[in-house]
Amino acid sequence: MRRMMAAFAVLMLLALPAAHAVQPDEIMSDPAKEARARELSRELRCMVCQNQSIDDSDAPLARDLRLLVRERIGAGDSNSQVLDFLVARYGEFVLLKPRFERQTLVLWLLGPLLLMGGGVALWLQIRRRARDGADLPAPPLTPDEQARVAALMSDEAKSP
């Protein structure tokens, strides 16, 4: 019984990502247009949730945006025209993946630049430590350490 409950729980967890917030009354009759609408909905940010696409969000504004996307597709707009319309209306923030433009250059380049800067800083730190460690002479052995080294060396000489 326990195994069955565990298997059921795993199946439910696997099914969670498949759940979408699209209501049955929003679905378009043409499957090709509905597929385009779903694809576009996954690229648009819910302005309320801000970390979800409008395809996954239950917020009323997300529903309005889904209906707007379907309305524009029904009017014959291409995917880029729909995105351009929404960006003009709500700003670049509505896109989950911002476009590579002059205004978003910092968003796109900041991550790689920070990674490269961290690599250079790490490389300089390693070089500095290697240089500083090579310049220092090893401290002399204490008499106890010298005696121990001599004992170890004499034991090695006796071994065949």
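Now for a quick tour of the structure. The model shown is predicted, which means the values in this text are computed figures rather than measured ones. (Residues numbered from 1 in each chain as written. Predicted model: local features only at pLDDT ≥ 70, side-chain atom pairs only at ≥ 80, totals over all residues. Heavy atoms only, no water.)

A word on the nonpolar core. Residues L44, I54, V69, I73 and L86 are the most contacted members of the largest nonpolar core, which totals 18 residues. Every element with two or more residues in this core is listed here: helix 2 (31-43), helix 3 (60-74) and helix 4 (79-90). For this core, the leading source of residues is helix 3, giving 5 residues. When sequence neighbours within four positions are dropped, the list of residues in contact with V69 reads A37, L40, L44, I54, V82 and L86. (Core = buried A, V, L, I, M, F, W, Y, C linked by side-chain atoms within 4.5 Å. Buried < 20%, exposed > 50% of the residue type's maximum accessible area, 1.4 Å probe, protein only. Helix = DSSP H or I, 4+ residues; strand = E, 2+ residues; numbered from the N terminus. Contact = heavy atoms within 4.5 Å.)

As a further point, take the packing of helix 3 against helix 4. At a minimum axis separation of 10 Å, helix 3 and helix 4 run at an interaxial angle of 135°. It follows from the interaxial angle that helix 3 and helix 4 lie oblique. Relative to helix 4, the crossing made by helix 3 is right-handed. On helix 4, the residues touching L65, L68, V69, R72 and I73 of helix 3 are V82, F85, L86, R89 and Y90. A per-class count over the contact of helix 3 with helix 4 returns 8 nonpolar, no polar and 2 charged. (Axes fitted to C-alpha atoms, helices over the stretch in contact; angles between N-to-C directions. Parallel < 35°, antiparallel > 145°, perpendicular 65-115°, else oblique. Left-handed = near helix turned anticlockwise from the far one by under 90°. Nonpolar A, V, L, I, M, F, W, Y, C, P; charged D, E, K, R; others polar.)

In total, this model carries 1 aromatic pair according to the counting rule given. Between F100 and W108, the aromatic rings sit 6.1 Å apart at their centres with planes inclined by 70°, giving edge-to-face as the arrangement. Looking at R72, its charged tip hangs above the ring of F85, at a distance of 4.1 Å from the centre. (Phe/Tyr/Trp six-rings, centres within 6.5 Å; stacked < 30°, edge-to-face > 60°. Lys NZ or Arg CZ within 6 Å of the ring centre and 35° of its normal.)

What follows concerns the environment of R38. As for its placement among the helices and strands, R38 is situated in helix 2. Classification of R38 by relative accessible area gives buried; the value is 19%.

Function cannot be inferred from these measures alone, as they are strictly geometric.
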